[in-house]
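# Results of the structural survey
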Amino acid sequence: MGNKTDRQLDFSNLPQTIDGKFTFFGVLNNFYYYEDKSAKNHVGGISRNWKKDSTLREYKLIYENTIFPFVPHLPLEDLTKDDFDKIIEEIKGRGSKVKNGVYTASRLQTFRRLIKVVTEEAAKQQICDDVLYGSSYTVPDTETWEHQAKKEHIVLRKSFTIREEINITRAILRDCRESGQEIGLAFMFCLGLRNEEACGLNWGDIIPMQHHPGCYCLWIYKSTRRGTNQLQAGGKTKNMARMLPIPSALLKILEDRKTYMLSEIDAGHLVLPPNKTFDQLPIVCSGSDFLTRCSSSKLTAAGRKLLKKVEVPEAELAYIDIELEQNRFAFDGVREKDPTVYLCRRNLGTHLYILGLEEPQIQYILGHDIQDPYASRNDYANEDKLYEIKTKLDRRPLVNMLSLPGDKPIIIKGDFAENFFGCCQKQFQVQVSNASKITLLSSAIKPQDQIRIRISVSNAALEDGRIQVSGLPAAQGRTIDISTLYQSFYRKVLNRIPQQSSK
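In this text the structure is predicted, and so the values were computed from the model without any measurement.

Cut-offs used in this document
- Residues numbered from 1 in each chain as written.
- Predicted model: local features only at pLDDT ≥ 70, side-chain atom pairs only at ≥ 80, totals over all residues.
- Heavy atoms only, no water.
- Axes fitted to C-alpha atoms, helices over the stretch in contact; angles between N-to-C directions.
- Helix = DSSP H or I, 4+ residues; strand = E, 2+ residues; numbered from the N terminus.
- Parallel < 35°, antiparallel > 145°, perpendicular 65-115°, else oblique.
- Contact = heavy atoms within 4.5 Å.
- Nonpolar A, V, L, I, M, F, W, Y, C, P; charged D, E, K, R; others polar.
- Polar contact = N/O pair within 3.5 Å; in protein donor to acceptor, adjacent residues only side chain to side chain.
- Buried < 20%, exposed > 50% of the residue type's maximum accessible area, 1.4 Å probe, protein only.
- Pairing = 2+ DSSP bridges.
- Phe/Tyr/Trp six-rings, centres within 6.5 Å; stacked < 30°, edge-to-face > 60°.
- Left-handed = near helix turned anticlockwise from the far one by under 90°.
- Core = buried A, V, L, I, M, F, W, Y, C linked by side-chain atoms within 4.5 Å.
- Salt bridge = Lys/Arg side-chain N within 4 Å of Asp/Glu carboxyl O.

## Section: the packing of helix 7 (residues 162–172) against helix 16 (residues 483–496)
It is the contact of helix 7 with helix 16, at a shortest axis distance of 10 Å, that shows an interaxial angle of 70°. It follows from the interaxial angle that helix 7 and helix 16 lie roughly perpendicular. Residue-level contacts link Ile162, Arg163, Glu165, Ile166 and Arg170 of helix 7 to Phe489, Tyr490, Val493 and Leu494 of helix 16. For the contact of helix 7 with helix 16, the class distribution of residues is six nonpolar, no polar and three charged.

Structural data, given as structure tokens:
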């Protein structure tokens with residue numbers, strides 16, 4: 001093992017900091033090697049695992065001659081995965097002096113790993129987040145990606161676990177004053193939006209349903225240009241324009257946030273730009289700057305940070321990232337590049353299937369091409385069609401403020417006739433006053449299910465009224481509704497996870 005002097009670097013000719021913030025070179029130079037009494041071998045730093053002097057010399061030359069020429073002179077916290085991908089592409093373009101001028105895949109992975117150890121150390125030193133967490137840069141250069149996946153028994157994820165979902169919602173549906181990036185992640189998790197779609201939203205894109213008071217939809221018809229906060233009409237595909245019902249937990253955060261922002265405007269703490277209304281402000285802002293639209297690259301970085309926070313295994317994310325880079329998950333010709341987008345959309349698709357949405361409805365929500373020749377995207381401009389979707393989506397746990405199935409009945413109060421979709425709840429208690437006639441229609445979930453109704457009248461005003469009860473036959477179909485079982489799993493896991501576990 002080389003001594004301490006051998007491990008010291010001196011790149012003093014390169015900028016160590018810019019505006020007081022560490023650069024890539026500064027992190028490498030200052031944290032290349034140090035004594036760490038908390039470590040097993042009392043050795044810390046970027047080079048702590050490089051045992052041989054020959055390895056130290058080789059990697060030092062790679063940094064100096066291969067990587068440094070392409071690293072921008074910017075604070076490390078300002079660099080994104082796209083920036084590092086560009087560095088690797090430029091290295092490939094310049095070519096090697098051996099192997100016919102072409103770098104092998106293993107050699108390129110060595111370069112990625114040498115970049116990754118710098119971002120890892122920066123995160124360890126709390127300089128900035130590791131923007132390469134869960135990326136292809138994580139995979140060791142000593143093995144092929146395929147062998148690494150098999151060795152660690154990595155299964156390509158189709159969804160989040162229930163525990164991960166709980167911790168995600170606790171992180172992004174917690175406070176109306178949270179950062180714009182967290183609001184953007186809420187749109188991605190709850191509604192399956194791509195990051196550019198989320199960043200393109202304005203407050204005026206929240207549309208109330210005309211015939212269903214209290215219900216709102218999100219109008220998605222524009223996005224930001226890749227990596228920027230510049231608006232453009234349309235998005236990645238011709239199918240991106242759609243209206244999506246907003247789940248109640250997300251709607252509550254948005255309503256509270258709007259109320260807070262309007263109070264800040266009234267108090268003079270927030271000043272609208274000239275010739276702009278509140279509805280023209282971005283919903284997904286940059287940090288706590290309510291007037292500046294967040295860029296999709298910042299939302300991508302926030303997504304990686306969230307996945308790390310909820311402890312999605314980095315090796316699994318790396319494998320997803322590799323598959324995305326190799327364009328194996330293209331839908332409607334769209335190449336997804338962000339693991340957070342991929343996981344959120346696949347996770348939503350799983351929920352939509354469990355909730356019993358029809359294939360055209362799922363394709364519409366995800367912005368895919370509708371394959372059914374008897375269905376059209378224009379059909380869903382009809383509010384009744386959207387409300388039908390909403391009644392199914394309302395059963396999704398965590399993103400809706402619903403009581404999960406349990407022993408206690410749901411209490412419904414009202415002074416006027418109203419429709420209520422029970423959605424598989426076992427018990428209901430309906431309290432109605434000031435009504436001369438009550439009509440209750442109930443339907444079993446499955447054939448042969450029993451329905452029990454108990455009626456008590458405590459108001460003398462109803463003595464002359466009528467209560468009419470009738471049953472409807474259970475729907476006949478080729479599928480079984482598993483909503484009660486599905487929701488009960490969430491209730492059981494919620495009961496096992498203390499609230500502070502999301503911190």
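Picking up where we left off.
## Regarding the side chain of Thr119
Residue placement: Thr119 occurs in helix 5 (residues 105–124). Side-chain polar atoms of Thr119 contact the backbone oxygen of Lys116, separated by 2.9 Å. The contacts of Thr119, once residues within four sequence positions are left out, are Leu76, Phe84, Asp130 and Leu132.

## Considerations on the environment of Ala233
Inspection of the secondary structure puts Ala233 in strand 8 (residues 231–233). With a relative accessible area of 74%, Ala233 lands in the exposed category. With 33 residues separating them in the primary sequence, Ala233 and Gly200 have C-alpha atoms 9.2 Å apart. Residues contacting Ala233, with those up to four places away along its chain left out, are Tyr221 and Lys222.

## Description of the sheet that holds strand 9 (residues 242–245)
Ordered in space as 5-6-9, the three strands form an open sheet in which the pairing is antiparallel. Every other strand in the sheet has two partners, leaving strand 5 (206–208) and strand 9 as the edge strands with one partner each. This sheet shows a mean twist of 35° between the axes of neighbouring strands, independent of strand direction.

## What to know about the packing of aromatic side chains
Tallied over the full model, the rule gives 16 aromatic pairs. For the ring pair Tyr103 and Phe111, a centre distance of 5.1 Å and an interplane angle of 90° mean the geometry is edge-to-face. Judged by its relative accessible area of 15%, Tyr103 is buried. Looking at Phe111, the relative accessible area reads 1%, which means it is buried. Ring plane angle 25° and centroid distance 4.6 Å describe the contact between Tyr364 and Tyr380, whose orientation is recorded as stacked. Residue Tyr364 is located in helix 14 (residues 359–366), and its partner Tyr380 is located in the loop between helix 14 and helix 15 (383–393); the two are separated by 16 residues in the primary sequence.

## Let's talk about the packing of helix 7 against helix 8 (residues 180–191)
Axis separation between helix 7 and helix 8 bottoms out at 9 Å; the angle between their running directions is 140°. The pairing of helix 7 with helix 8 is recorded here as oblique in orientation. The interaxial crossing formed by helix 7 with helix 8 has left-handed handedness. Counting all contacts with helix 7, which are made through Glu165, Ile168, Thr169, Ala171 and Ile172, the residues of helix 8 involved are Glu182, Leu185, Ala186 and Phe189. Partitioning the contact of helix 7 with helix 8 into residue classes produces six nonpolar, one polar and two charged.

## Overview of the pairing of strand 9
Judged by which residues are buried, strand 9 turns out to be covered on both faces: Arg242 and Leu244 on one side and Met243 and Pro245 on the other are all buried. Pairing analysis gives four bridges linking strand 6 (residues 216–220) to strand 9, with the strands arranged antiparallel. Among the inter-strand pairings, Ile220 is bridged to a residue of strand 9, identified as Arg242.

## Section: the nonpolar core
Within the largest apolar cluster, 78 residues are counted, with the highest numbers of intra-cluster contacts made by Ile172, Phe187, Leu193, Leu218, Leu250, Leu254 and Ile365. The residues touching Leu254, leaving out its near neighbours within four places in the chain, are Ile183, Phe187, Trp203, Ile206, Ile246 and Ile283.

## So, the pattern of salt bridges
Pairing between side chains of opposite charge can happen when their charged atoms approach one another. This structure, assessed with the given rule, holds 21 salt bridges. Two residues, Lys81 and Asp85, come together in a salt bridge whose shortest N-O distance is 2.9 Å. Taken together, the residues span about one helical turn, with Lys81 and Asp85 both in helix 4 (residues 81–94) at a distance of four residues. The shortest N-O distance in the salt bridge between Asp256 and Lys252 comes to 2.6 Å. Taken together, the positions of Asp256 and Lys252, both in helix 10 (residues 248–266) and four residues apart, correspond to about one turn of that helix. When its relative accessible area of 30% is taken as the criterion, Asp256 is described as partly exposed. Residue class for Lys252 comes out partly exposed when judged on its relative accessible area of 37%. Through salt bridges with shared partners, a single network forms among Lys81, Asp85, Arg304 and Asp321.

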